[in-house]
Structure formats: C-alpha cells, structure tokens
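The chain contents come next:
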Amino acid sequence: MKRILAIVVICLCCSGLFIQAQNSDDRYRMPLKDVLGILEERYDVQIKYDEKTVEGKWLHYAAWRFRKDVDETLQNILTPLDLKVNKEGEGKYKLKEYEYYRWEPQDGWDYLDELATQYNDKDSWEQRKQKIRPDLYRALKLSPMPAAPNSAPLVTKKRTFKNYTVENFALEIMPGLYVNGSIYRPLKAKGKVPLMLSPDGHWGGHRFRRDAQIRCAMTAQMGAIAVSYDLFGWGESTLQFKPEDHRRSLSLTVQTLGAIRILDWMLQDKNIDTDRVGICGGSGGGSHTVLMTALDDRITLSIPVVSLSSYFYGGCPCESGLPIHMAAGGTNNVELAAMAAPRPQLVISDGKDWTAHMPEHDFPYLQKIYAYYGKAEGVENVHLPEDGHDFGYAKRKPVYDFMHKHFRLHTKELKNATGDYDESGCVIEEETALYAFGPNGENLPSNAIQGYENLEELFKD
C-alpha cells in the first residue's frame, strides 16, 4: 500500500498541471493531450499521434491512473477512451483508435481453444454448428429470409475473347436494391460446368483490378464459370449509395444477401454442376468466403485468401459490423471456417499480416475438425512467409491448383514448361466495360433506392 501511495505522490508531483485546479469535484479531469505530455516526461518515452485523435478528449481521474510501469499506465489512461498504442521501438509508441477486431495472437488462440472445449467428435461438433448457423442468420437480419423480387436480372451483351466470354449483370435482391457484377464463362464447355463465386477485398479498384480480372478469366479458361460481384458501396453500388456507406453495418447484410441471391439465380442454370460450387475471395472477400460457406451448404469448396485468423475479426463493418461473432455464445472466424468441414478448403496465408501465424495454431485446429469426418487432408494451408497482403500470382497459383484438383478442371494447355500458369490470354478490360448500368449509370432502374436511410427502411422490424 505504501508503494502504491508513493507512486501516486510521485505522479502528482511530477507536473504542476496535475496540481492546478485538480479535485474530486471535477473528477480530476484533464485534456488527454496534457496527460500524454506528462506521461512522456515522467517515463522518458515518445508517443506519436494525430492531433485529430486527441482533439476534444478528456480523461477523468487522470493522475490516479499512473503506475510504476509505463505500459500499465498507458493501458489505464487509454482504455477508457477506446484508444491504444502500438510499440514501434524502445520507448517509442504510436497512438491509435482501439481496434475491437484485432486481438493479440495468444488471446485469439486461447479463445479458440476455449471454444474447442465444447466438442470432441463429429456429433458434438455438428451440434455446435446447429447452434451457430441460425444465430448467424439472425445477426445478419436475414431470419426470416426476405422475399426475393420477381424481376428478371439485367444481363448485358456477351463479349467474346479467345477462350472465354464475359457479360455483366445487375440482380435485384430486395425491392430497389441491386447487386452488380460480371460473369466469366468458358467459350466451349462440355457437359455440366462448375461455378465459382469470386468476391474481392478492399484493394483499390476492387473487381475491376487487373489481378481480379485475371483470376476470373483464368477460372473460365480452366472450364468453370466465375461470378465477380461488387462490394456494397463500391463499384456500381455507388449509384445507389455513398462510398462511405460501405463502412456501415448493413454492408455485411447486403453483401451476404447478394451472394445468396446470386447463387439462387445461377443454380437455376441446368448446365451448372451443383456438386461443384465454390467460392474464393481475398482479404475482406476472404472473410465473406468464410461466412458464406458457413451459412450455405450449396457451396462445396472454399478458398479464403490472406484473411483467416483467430485473432482478427475483420476491420471493416462488412466483415464484423453486425454481431455474427456473438453467435451461439461467441465464436470467431476460424471456428466459422471449420463449419466448411468436410468440404474441401484451402487457406492461403502470408507472413506480413494477421495471417502470419496460421500454421502454428489455427491450421492444426482446422485439421482436427476435419479429422472428425475422417478428412484431415480435406483442408490445406499454403503459407507464404515472405509474401504480403495481396492477391498476386503466388496466391493465384495455389487457387488454380486447388480448383483443378477438386473440380477436375483443365490446366494442361494453360501451363508452360516450368509448370507455371500462362495468364497472358486474359484480356484486361476498362472498368466501364464491366458496368451493367452503362458507362454513366444511365441504365439504373427507375425503382432503385437511393441513400442508406432507404436501405435501413428495408430492414425495419
């Protein structure tokens, strides 16, 4: 007790700011910027921050939060304000907003281990799944599922390239609410063909990007249909909503419903093999891939790329903006990914983002769940420790290999003598060529809703 009191006294005396006009009547209230200045002086450290981060923020009982240890003091000071620091070196810190979606690796691993105590075989795991799935639909505001409009999809004229075709579409998923995308088909298909949903992440250019077009074009040339579609508030969705609306909670609902409606529509085609329906996305598209596979048994193959981690929940509302991770008393993305079992799943990770530790803990967990079905080999991990957060060729190659392995696709004519894929036959189109509503949105339907407030009206109880 004497030691704690001594520390408090030292802190109270280290600056006149703590003494001036400080008492319990105002809850020892001080501007955060002043508190940080005292902290830097007291512990001889540097704290970098953006002025906007500290502007207008005040701390109650500021002097009473100081301890002997600088890290404990930082936690005491910043936690009430939903702030944190990243340590950038000895005595150097950077102030950041609190990230609810990013945990320390050990915290994520411990939580996953705790979740795993609820099951130890196929039957107990299936019971767990049956608790999680309905809660996911409720969290997404999709229970009950809203009625589908009766409108026919808008499909543009087909563009023909050497080994594949592309056509754009707009699909009404709720009254006045559309999802847009492009369909890449094999030019000459024999028999029933597989289907691959191809969502994408938050990289600039989204589905119009070069590597996104290449992935879909290669999928088509291998003999499968690839469907690429917009994130909510991106691409042609901005004809109905502001780009900043993407960072609002209903983006998660709209993107999920859009994928479900796309599946409903595409699987009406008798030429599609319902036993070979996959989904592959990167980053935020990887989170979407995991969620869709957990929700919909029609998906028979899953490839989340540079996204999956037990200590990262997705930093965008389109990944974690609704309480899907509170399902069945709490879950995380790796447990959701395990719901794919025993369907084939490839997890691609890298060494420079939150997937860096995938081989150490999360992947063995997935193998254990797959082993419940006698299919431990059904889940694979390609880990690229020297790679970063992208969807470059090093990631696309294992995607092609995995699709070839499980969907029996054609790759021989697409590989060179060294075994690498030749992507030169992929035509990179201008962004406007991939629009369904025309270069200037002139074909936007008259019933299209405008603005986030009208989207909220669709989901009111």
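Residues numbered from 1 in each chain as written. Predicted model: local features only at pLDDT ≥ 70, side-chain atom pairs only at ≥ 80, totals over all residues. Heavy atoms only, no water.

Caption draft 1: Main features of the UniProt feature "domain: 4-O-methyl-glucuronoyl methylesterase-like" (unreviewed entry) in the protein. In the numbering used here, UniProt assigns the "domain: 4-O-methyl-glucuronoyl methylesterase-like" (unreviewed entry) feature to residues 252-307. The annotated region residues 252-307 carries 48% helix and 29% strand content, and the separation between its end C-alpha atoms amounts to 16 Å. (UniProt positions renumbered as here; feature names shortened; annotations may be inferred. Helix = DSSP H or I, 4+ residues; strand = E, 2+ residues; numbered from the N terminus.)

Caption draft 2: Layout of the pattern of salt bridges. Summed over all chains, the structure comprises 29 salt bridges. With its nearest N and O atoms 3.9 Å apart, the salt bridge here joins Arg185 to Asp269. Of this pair, Arg185 sits in strand β9 (residues 177-186) while Asp269 sits in the loop between α9 (250-266) and β12 (272-282); the two residues are 84 residues apart in sequence, bridging distant segments of the chain. Judged by its relative accessible area of 25%, Asp269 falls in the partly exposed class. (Salt bridge = Lys/Arg side-chain N within 4 Å of Asp/Glu carboxyl O. Buried < 20%, exposed > 50% of the residue type's maximum accessible area, 1.4 Å probe, protein only.)

Caption draft 3: How the structure looks around the side chain of His288. By the element assignment, His288 lies in helix α10 (residues 284-295). A residue is classified by how much of its surface remains accessible, and His288, at 8% relative accessible area, is buried. At 2.8 Å, the side chain of His288 forms a polar contact with the side chain of Tyr229. When residues no more than four places from it in sequence are discounted, the contact partners of His288 are Pro199, Tyr229, Gln255, Thr256, Ala259 and Ile279. (Polar contact = N/O pair within 3.5 Å; in protein donor to acceptor, adjacent residues only side chain to side chain. Contact = heavy atoms within 4.5 Å.)

Caption draft 4: Broad picture of the pairing of strand β14 (residues 345-350). Of all six residues in β14, six are buried; the element is thus mostly enclosed. Side chains Gln345, Val347 and Ser349 project from β14 onto one buried face, and the interleaved Leu346, Ile348 and Asp350 project onto a second face that is buried too. Sheet topology note: the strand β13 (residues 301-305)/β14 ladder contains two bridges and is parallel. Residue pairing across strands places Ser302 opposite Gln345, the latter belonging to β14. Taking the sense of rotation as the criterion, the β-α-β connection linking β14, helix α13 (residues 362-371) and strand β15 (residues 379-384) turns out right-handed. (Pairing = 2+ DSSP bridges. Right-handed = clockwise from strand over helix to strand, strands pointing away.)

Caption draft 5: Spatial organisation of the sheet that holds strand β2 (residues 46-48). With mixed pairing, the three strands of this open sheet are ordered in space as β2-β5-β4. Each of the sheet's edge strands pairs with one partner strand only, and the pair in question is β2 and β4 (83-89). Within this sheet the neighbouring strands show an average axis-to-axis angle of 30°, counted without direction. As judged from the three bridges shared by β2 and strand β5 (residues 92-97), these two strands associate in the parallel manner. Bridging from a neighbouring strand, Lys48 pairs with Lys94 of β5. (Axes fitted to C-alpha atoms, helices over the stretch in contact; angles between N-to-C directions.)

Caption draft 6: Representation of the domain arrangement of the protein. What the domain assignment lists for the protein is domain 1 (24-97) and domain 2 (114-456). Measuring from the centre of the C-alpha atoms in domain 1 to the corresponding centre in domain 2 gives 41 Å. (Domains from an automatic or database assignment.)

Caption draft 7: Local environment of helix α7 (residues 122-139). Helix length check: α7, at 18 residues, gives a terminal C-alpha distance of 26 Å against a target of 26 Å (1.5 Å per residue), a fit within 8%. Among the structural elements, α6 (105-116), α9, α10, α12 (333-338) and α13 are those in contact with the buried residues of α7. (Expected span 1.5 Å × (residues − 1).)

Caption draft 8: Just the environment of Cys426, in detail. Looking at the secondary structure, you find Cys426 in the loop between α14 (393-407) and α15 (452-458). Note on Cys426: relative accessible area 9%, which makes it buried. Separated by 356 residues in sequence, Cys426 and Val70 have C-alpha atoms that sit 55 Å apart. Setting aside chain neighbours within four positions, we find Cys426 in contact with Tyr164, Ile214, Ala217, Met218 and Gln221.

Caption draft 9: Main features of the packing of aromatic side chains. This model, assessed by the stated rule, comprises 17 aromatic pairs. Taken together, a centroid distance of 5.1 Å and an interplanar angle of 45° make the contact between Trp103 and Tyr313 tilted. Linking Trp103 in the loop between β5 and α6 with Tyr313 in the loop between β13 and α11 (317-320), this pair joins segments that are 210 residues apart in sequence. Overall, Trp103 belongs to the partly exposed group, its relative accessible area being 29%. Judged by its relative accessible area of 7%, Tyr313 is buried. Look at Tyr119 and Trp125: their rings are 4.8 Å apart centre to centre, the planes differ by 70°, and that puts the pair in the edge-to-face class. Cluster of aromatic residues (ring-pair linked, three or more members): Tyr100, Tyr101, Phe312 and Trp354. A cation sits over an aromatic face here: Arg29 above Trp58, 4.2 Å from the ring centre. The ring of Tyr43 is capped by Arg42, whose NZ or CZ atom sits 5.0 Å from the centre of that ring. (Phe/Tyr/Trp six-rings, centres within 6.5 Å; stacked < 30°, edge-to-face > 60°. Lys NZ or Arg CZ within 6 Å of the ring centre and 35° of its normal.)

Caption draft 10: A look at the packing of helix α8 (residues 210-221) against α14. At a closest axis distance of 11 Å, the pairing of α8 and α14 adopts a crossing angle of 20°. With respect to α14, the element α8 is oriented roughly parallel. For the element pair α8 and α14, the recorded crossing hand is right-handed. Of α14, the residues touching α8 (which contributes Asp211, Ile214, Arg215, Met218 and Thr219) are Arg396, Tyr400 and Met403. (Parallel < 35°, antiparallel > 145°, perpendicular 65-115°, else oblique. Left-handed = near helix turned anticlockwise from the far one by under 90°.)

Caption draft 11: Just α9, in detail. A rise of 1.5 Å per residue sets the reference length of α9, with its 17 residues, at 24 Å; its end C-alpha atoms lie 24 Å apart and thus fit the reference within 8%. The element α9 is extensively covered by neighbouring structure, given that 16 of its 17 residues are classed as buried.

Caption draft 12: Structural context of a negative patch on the surface. There is a patch of like negative charges on the surface, built from Glu104, Asp107, Asp110, Asp113 and Glu114. Structurally, Asp113 is set in helix α6. Asp113 gets classed as partly exposed once you look at its relative accessible area, which sits at 41%. (Patch = residues over 30% accessible without salt bridge, like charges linked within 9 Å, V, L, I, M, F, W, Y side chains within 5 Å. Areas by Shrake-Rupley, 256 points an atom, 1.4 Å probe, with all protein chains shown as cover. Lys, Arg positive; Asp, Glu negative; His and termini not counted. Charge placed at Lys NZ, Arg CZ, Asp CG, Glu CD.)

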